[in-house]
Amino acid sequence: MTAAQESTLSPRVRQLMDRIDSGLPGGRIPSGIFGNPDVHQAELRRIFGRTWVYMGHESEIAANGDYMVRRIGEDNFVVTRDEFGTVHVLFDACKHRGVQICRADSGNSSHFRCPYHGWTYASDGRLVGAPLWKNAFGNMNKAENGLSKAAQVESFHGLVFATLDPTAPPLREYLGGMAWYMDLLFGLDADGVEVLGKPQRFVLDANWKSGADNFSGDDYHLGTLHKSVYSIGAFPVPFSENMMGYHIQASPGHSLSFSMADDPDDPGPKFFGFPEDLAAKYFTAANISPEQLEVARRSRVLVGNVFPNFSILALPMTEDGANHPPTGVLTVRCWQPKGPGQVEMWNWFLGYKNMTPEQKDRAYRAGLGTFSLGGAFEMDDTEPWITVSRTGRSVAAELLGFELNYEMGMPGIGMAHPVQNWPGPGKVYWTRYEEGVQRNMYAYYADLMRSEPGQWPEHSF
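A short tour of the structure in this document, coming up.

The rules we used
- Residues numbered from 1 in each chain as written.
- Predicted model: local features only at pLDDT ≥ 70, side-chain atom pairs only at ≥ 80, totals over all residues.
- Heavy atoms only, no water.
- Axes fitted to C-alpha atoms, helices over the stretch in contact; angles between N-to-C directions.
- Helix = DSSP H or I, 4+ residues; strand = E, 2+ residues; numbered from the N terminus.
- Parallel < 35°, antiparallel > 145°, perpendicular 65-115°, else oblique.
- Left-handed = near helix turned anticlockwise from the far one by under 90°.
- Contact = heavy atoms within 4.5 Å.
- Nonpolar A, V, L, I, M, F, W, Y, C, P; charged D, E, K, R; others polar.
- Buried < 20%, exposed > 50% of the residue type's maximum accessible area, 1.4 Å probe, protein only.
- Pairing = 2+ DSSP bridges.
- Phe/Tyr/Trp six-rings, centres within 6.5 Å; stacked < 30°, edge-to-face > 60°.

1. What about the packing of helix 7 (residues 208-215) against helix 15 (residues 436-450)?
For the pair helix 7 and helix 15, interaxial distance at closest approach is 8 Å and the crossing angle is 135°. With respect to helix 15, the axis of helix 7 lies oblique. Once helix 7 is placed against helix 15, the crossing between them reads as right-handed. Residues Trp208, Lys209, Ala212 and Asp213 of helix 7 pack against Gln438, Met441, Tyr442 and Tyr445 of helix 15. Class assignment of the residues belonging to the contact of helix 7 with helix 15 gives a composition of five nonpolar, one polar and two charged.

2. Brief notes about the pairing of strand 18 (residues 327-337)
Burial runs high along strand 18: eleven of the eleven residues are buried. Sheet topology places strand 17 (residues 310-317) next to strand 18; eight bridges connect them, and they run antiparallel. Along strand 18, the bridge assignment pairs serine 311 with arginine 333. Alignment of strand 18 against strand 19 (residues 343-352), held across eight bridges, turns out to be antiparallel. When the bridges of strand 19 are listed, leucine 330 appears paired with leucine 350. Turn length for the strand 18-strand 19 hairpin, with the two strands adjacent in sequence and antiparallel, is five residues, and the turn residue glycine 339 shows positive phi of about 85°.

3. Let's talk about the sheet that holds strand 7 (residues 111-113)
Pairing is antiparallel in the open sheet, where three strands are placed in the order 7-8-9. Each edge of the open sheet carries a strand with a single partner, namely strand 7 and strand 9 (127-129). The sheet shows a mean angle of 35° between the axes of neighbouring strands, taken without regard to direction. Inspection of the sheet shows strand 7 paired to strand 8 (residues 120-122) by three bridges, in the antiparallel sense. Bridge pairing in strand 8 places phenylalanine 112 opposite tyrosine 121.

4. Some points on the packing of aromatic side chains
All chains considered together, the criterion is met by 25 aromatic pairs. Seen from their ring centres, tyrosine 54 and phenylalanine 161 are 5.5 Å apart, and the 65° between their planes marks the pair as edge-to-face. Separated by 107 residues along the polypeptide, tyrosine 54 in strand 2 (residues 53-57) and phenylalanine 161 in strand 11 (residues 159-163) bring together distant segments of the chain. For phenylalanine 161, a relative accessible area of 0% gives the class buried. With centroids separated by 6.2 Å and ring planes inclined at 90°, the aromatic side chains of tyrosine 174 and tryptophan 456 adopt a geometry described as edge-to-face. On the criterion of sequence distance, the pair formed by tyrosine 174 in helix 5 (residues 171-175) and tryptophan 456 in the segment after helix 15 is long-range, its members being 282 residues apart. With respect to burial, tyrosine 174 and tryptophan 456 carry one shared label: buried. These aromatic residues form a ring-pair network of at least three members: Trp180, Tyr181, Tyr246, Phe258, Trp422 and Trp430.

Here it is in structure tokens:
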């Protein structure tokens, strides 16, 4: 690391990253990475300023001229579909004085007009004019004064990602082995998925890493924190049986977990609980590989996190077990940082396009009752995450050198063991009593925080 690069990290941040490096082999990370202001500022530049960040789904901007305001780190970007159907990710700041140019969360417009001096931009970011142009700016080069754009934009199964770093690897390369599992889920139906309703948004007094940590594969908490959800029949499989499955470090930083029975002929649920008629008609090996199809067929739950803050969940749920059996719910979410001690959670429900309107409505209602602002799972999760952040920024944690235990699944600890014959990529363990998936996330996190601009950690094992 160069002297200039090292100077951008405070001594406290450098110390915490060193402690991750030294502590992870023994299953320890410092609590201080949750809530430290210097850590947060470094993350905005070294994590969110470099990685591929989820912006939304193409179905949210289906028509030419559609737009939506989303975030990279703490900064607003306008995701647009121009008059030719191309998707752009535009920094929400006028080139004249830096004024915000988009004042609605979403809509349809051919142009964006700055309210300060009237500079006007097309939906692809081009500057097209300003009041009294000839007198004020005659002969100025319009092409050099368009809206700033994300360095790279790519779509993956309709999921739009962007990065501010022109040196970032292509999206599929960045995903590494995680792409295999995303192909499995989002490509299961050849016609793909679409968003059901507007994204939910709510703010928690927590740190963004708690959500990413949880969705990397924290299944251990299900039997305690979510015990009441099992007791009311919201999930069709008992906790002990649900813990049978695989933890997968798909590639550095990206992890996921599958719940599935050890017996391939187990009666179910199959295909994450999606309707049998949908699975029989549309989920075929013509869409994905036979190996991917077999994994999906056996799966009850898929939960995962694409580093840094894009999480995925597919599972059978019901909001009313007395009147509706569990059905497949597919939700994706972003953990948007809002300072070192707050996170804004964005939550989308998706459905396969070939689901009937009734099936989409049922899945949406089941999702709202379980994984939403008023859902049973969300109300359980938020309280512990609040206290994780509070502990992380406490004086006592700093003075005591307080560390968090991530030993589960290490050699000689617990029942989890490596698996060699898994059909997909990554480091794989059976059962879900295992925390290597989180250790994978924090190892990559520390590597990125310490790496120089233009240099990227390995994207494969």
